[in-house]
Amino acid sequence: MTDMPKGALNGVKVLDLSRVLAGPSCTQVLADLGAEVIKVERPGIGDETRHWAPPKFSDDTSAYYATINRNKKSLTVDITTPAGQAIIKQLAIDSDILVENFKVGGLKKYGLDYDSLKQDNPRLIYASLTGFGQTGPDAKRPGYDYIIQGLSGLMSITGPSDGEPHKVGVAVVDLFAGLQLTIGIQAALLARQNTGLGQHVDVALLDSALAMLANVGMNHLASDKIPPRLGNQHPNIVPYQVFTAKGQAHFILACGNDSQFAKLCDVLSVDWHTDERFMTNPARVAHRELLCDALTKQFAQRPRAHWLEVLEQAGIPCGAIHNIAEALSMPQALAREMIVDFAALGSPVRALGNPIKLSASPISYRSPPPKLSEHTDSTLATLGYDNDMIAKLKADGIV
């Protein structure tokens, strides 16, 4: 570990007051990139996700907590007390970034809001992640990924066309908002180089989910029509969906242009690409049901392995649908180091890797998810607290 190049954010200090998923996913990215991240947790309890189990690793670390808390230090502080607030304010003076996901205005009563903290540290980048943002009629409402998936319209376009709306299998809005917060923080760091001043970064789950609607949202803006739920079909491209091969094995076919569709017709020994109903993508979209029914009958005649082989040979985008075990054991996933094992550091935790690959300042995995309050004493010592003072804070339940 000592021979590793310094991370891109080496020397950047992050005070992490966020919890659960969206905020911590952002601060883990910053930590992976080399930033020093101090995670502030509640004494005796910690982040809720420490208790979201099973499953757990053998050292009692929940899989959920381990998802987004590596490379961090754990400091426990009761921020509802004046002594606890004093600790946070001391840390904020020397921090580059503070990340929080409290309800709008929730930290103001403790003097830990942006306007208060920037008085002592005008260079502070204060990043807030909330359900609905700092402004607007819903600003004070709490935000939850599942609820936002519903409110944003995302669920209305997810799931079978003849079934109920579905949420995405992971908390995708939380994770996407965490990435948006990361981008905003890094932009603020660059801006600070020119101005010398920090700023408030405001990211909302709802805004992030609306931005995720992408081309489907744009379809509505362009047509004023409400996009339907199409299951595994694509709203703008045909054929671009899941098909079932002989033996009930599923695979994805993704013909993105007319040339690929012509190649598909060659593979199937049909001349549909010369039929006016199917010659162009707009025509295929208009005759979606007719074409896809015909393709379904074709693909049911041979097993999935056959179709994947001949489609790949023809240069037609396709792929199997893996379960999680199959996905994580792919040689490509292993070659890209997308599973991180902390055994060399004495931890049983295995984690999903970071997808960012930097040639000169690579991602590093310096420490497994911390035990609750693991770094409280050492962090307080850097602020000038001696052993007796720390013991008193512990006795009073402050840390």
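Let me begin by describing the structure that accompanies this report. Keep in mind that what you see is a predicted model, and the values were worked out from it rather than measured. (Residues numbered from 1 in each chain as written. Predicted model: local features only at pLDDT ≥ 70, side-chain atom pairs only at ≥ 80, totals over all residues. Heavy atoms only, no water.)

1. Structural notes on the packing of helix H9 (residues 258-268) against helix H12 (residues 304-313)
Part 1: At a minimum axis distance of 10 Å, the contact between H9 and H12 shows a crossing angle of 130°. Between H9 and H12, the angle is such that the two are oblique. Handedness of the H9/H12 crossing: right-handed. Residues Leu264, Val267 and Leu268 of H9 form the contact with H12, whose participating residues are Trp307, Val310 and Leu311. (Axes fitted to C-alpha atoms, helices over the stretch in contact; angles between N-to-C directions. Helix = DSSP H or I, 4+ residues; strand = E, 2+ residues; numbered from the N terminus. Parallel < 35°, antiparallel > 145°, perpendicular 65-115°, else oblique. Left-handed = near helix turned anticlockwise from the far one by under 90°. Contact = heavy atoms within 4.5 Å.)

2. Considering the pattern of salt bridges
Part 1: Counted according to the given criterion, the structure contains 18 salt bridges.
Part 2: Between Lys392 and Asp396 there is a salt bridge; the shortest N-O distance is 2.5 Å.
Part 3: Each of Arg19, Arg42 and Glu48 takes part in salt bridges that share partners, so that together they form one network. (Salt bridge = Lys/Arg side-chain N within 4 Å of Asp/Glu carboxyl O.)

3. Description of the side chain of Thr27
Part 1: Take Thr27: it is sitting in helix H1 (residues 22-32).
Part 2: Given a relative accessible area of 0%, Thr27 falls into the buried group.
Part 3: A distance of 2.8 Å separates the side chain of Thr27 from the side chain of Lys72, its partner in a polar contact.
Part 4: Among all residues touching Thr27, those that are not within four sequence positions of it are Val14, Asp16, Ser18, Val37, Lys72 and Val99. (Buried < 20%, exposed > 50% of the residue type's maximum accessible area, 1.4 Å probe, protein only. Polar contact = N/O pair within 3.5 Å; in protein donor to acceptor, adjacent residues only side chain to side chain.)

4. Remarks on helix H3 (residues 82-93)
Part 1: Spanning 12 residues, H3 covers 17 Å between terminal C-alpha atoms, matching the ideal 16 Å at 1.5 Å per step.
Part 2: Buried residues along H3 sit in contact with strand E1 (13-16), strand E2 (36-41), strand E3 (72-76), helix H4 (114-117), helix H15 (376-382) and helix H16 (387-395). (Expected span 1.5 Å × (residues − 1).)

5. Comments concerning the pairing of E2
Part 1: Buried residues dominate E2, accounting for five of its six residues.
Part 2: The pairing of E1 with E2 spans four bridges and is parallel. The residue bridging Val14 from the neighbouring strand is Val37, located in E2.
Part 3: As defined by bridge partners, E2 adjoins E3 across five bridges and the pair is classed as parallel. By the bridge assignment for E3, Val40 is matched with Leu75. (Pairing = 2+ DSSP bridges.)

6. Observations regarding the layout of surface pockets
Part 1: The space that makes up the second largest pocket amounts to roughly 480 Å³.
Part 2: Lining the second largest pocket are 23 residues, with Ile157, Asn215, Val216, Gln233 and Pro235 positioned closest to its centre.
Part 3: With five residues, helix H8 (residues 214-223) is the largest single contributor of residues to the lining of the second largest pocket.
Part 4: Of the residues belonging to the lining of the second largest pocket, the class tally is 12 nonpolar, nine polar and two charged. (1 Å grid on protein atoms, 1.4 Å probe; cavity = no way out; pocket = protein on both sides within 12 Å on 5 of 7 lines; lining within 4 Å. Points joined across faces, edges and corners; volume = space filled by probe spheres on them. Nonpolar A, V, L, I, M, F, W, Y, C, P; charged D, E, K, R; others polar.)

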